[in-house]
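Survey of secondary and tertiary structure
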Amino acid sequence: MLPSIVNVAEENGLKINPRTLKQKEVLCKCPFCLADANDPKKYYLSLNLKENIYKCWYCKESGGVLQFESSVTGKPFQEVKEKYFGKNRKKYHPAEMLSPKQLALINWDEVKRNHFEEYKKSLQTVIADWKAHVREQRILAFAKLLIGIETMKYSIVIENIKKQAEDVQIPTLVEDVLSMYSCTQWEEWALEGRIIAGVAYKTAKQESKELENALIYVSLAFYQAINDHSQQKQFERVG
Amino acid sequence: MIKATFTDGAALYIVVPSQGEGHGNVIVKIKKEGNGFVITHSCSENQMDAHASCDHKLYSLVLLKKHLDNYPVEFIHYENSRIHLQPDWIQIQNIKVAEC
Ligand SMILES: [Zn+2]
Ligand SMILES: [Zn+2]
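Because the structure is predicted, anything quoted here is derived from the model rather than measured. (Residues numbered from 1 in each chain as written. Chains lettered and ligands numbered in written order. Predicted model: local features only at pLDDT ≥ 70, side-chain atom pairs only at ≥ 80, totals over all residues. Heavy atoms only, no water.)

Here we look at the coordination of the zinc ion (ligand 1)
Residue and element names in this part refer to chain A. The coordination sphere of the zinc ion (ligand 1) contains the protein donors Cys30 (SG), Cys33 (SG), Cys56 (SG) and Cys59 (SG), at a distance range of 2.2 to 2.4 Å. Taken together, the four donor atoms surrounding the zinc ion (ligand 1) define angles of 98 to 122° at the centre, an arrangement classified as tetrahedral. We note that the donor set of the zinc ion (ligand 1) lies within a single chain, spaced as C-x2-C-x22-C-x2-C. Placement of Cys33 in the loop between strand 1 (25-28) and strand 2 (45-48) and of Cys56 in strand 3 (residues 53-56) is noted, with a sequence separation of 23 residues between them. Cys33 gets classed as partly exposed once you look at its relative accessible area, which sits at 25%. (Donors = N, O, S within 2.8 Å, 3.2 Å for Na, K, Ca; no water. Tetrahedral: all angles 85-135°; square planar, octahedral: opposite > 155°, others 65-115°. Helix = DSSP H or I, 4+ residues; strand = E, 2+ residues; numbered from the N terminus. Buried < 20%, exposed > 50% of the residue type's maximum accessible area, 1.4 Å probe, protein only.)

Some points on the domain arrangement of chain A
For chain A, the assigned domains are domain 1 (5-90) and domain 2 (129-238). One C-alpha centre belongs to domain 1 of chain A, the other to domain 2 of chain A, and the line joining them spans 34 Å. (Domains from an automatic or database assignment.)

Regarding the sheet that holds strand 1 of chain A
Residue and element names in this part refer to chain A. Strand order in the open sheet made by the four strands is 1-2-3-4, with antiparallel pairing throughout. A single partner strand is all that each edge strand has here, and the edge strands are strand 1 and strand 4 (62-64). Between one strand axis and the next, the sheet turns through 20° on average, direction left out of account. Note that strand 1 and strand 2 share four bridges and pair antiparallel. Residue pairing for strand 2: Cys28 is matched across the bridge by Leu45. Packed on one face of the sheet, helix 2 (residues 65-73) meets strand 2, strand 3 and strand 4 and runs near 115° to strand 4. (Pairing = 2+ DSSP bridges. Axes fitted to C-alpha atoms, helices over the stretch in contact; angles between N-to-C directions. Contact = heavy atoms within 4.5 Å.)

Here it is as structure tokens:
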């Protein structure tokens, strides 16, 4: 049984506008953008009790009740799901473990919502897409890490990768790259990251002798590489 | 060579390339314990015997020799355990050691 979204809000100490408690849309302070924090009259986050969904009118953060609990508690989506549905109820395909936000990043959320049968048939493709996404993000993060260490900006780069992990919905990203860095034999994705770091390092050196902004060139080199890669694929297809 | 140096406030960590084929690192932890030091890392050479000699150990020793006034120290223990880079470590300037 799914919990009520208003209960989840109350349990997590969100400030609810008491006047809306009996209404269809319960309003409360938005914990995601805090844009309404300083105005006692404003409540930007709307909780729809009937559909059990939330949306902030200001920052547009939105989703279902499980995503909501996951976001406000900081617990992984899967953990929240298991809290209500149990662990071994049924064997899930790994693709079914992906959260709505994760699915959105690989453009499968809409298919799941509106064409469920097609989604069910495509689980193999979904998980392959997710793995490709993870691989790509690891390459980028690893390149950042190498440049960060090279330019004595370790703490800054760690914060940067933490932010990336949040944006691309890979909670283990920091751990993934740090443990690979500490490994005696780097895997292929790390070697690709190393090449990108090399390109970024070179460009940074050409642009300015200081390596202050080398981190910027990592993203540049990364997107260049991705671009080349997809172009190559296209050529292959044409050929 | 020493690629990078870190500290967690209690120990020093040096990043040394692994000697294997391809690319990779070995992180060596150097920690003062009483009047001696404990040097911890894991590489292909010290798998069987924590006291086996390898470059990682060598660098650590050179580093200690170079920076301790009262070298030799009372004891140096070697331990075999894999050290992972941690997000809360602080990066410090690489200690310049000619031999590394
Ligand atoms: Zn908001
Ligand atoms: Zn060794």
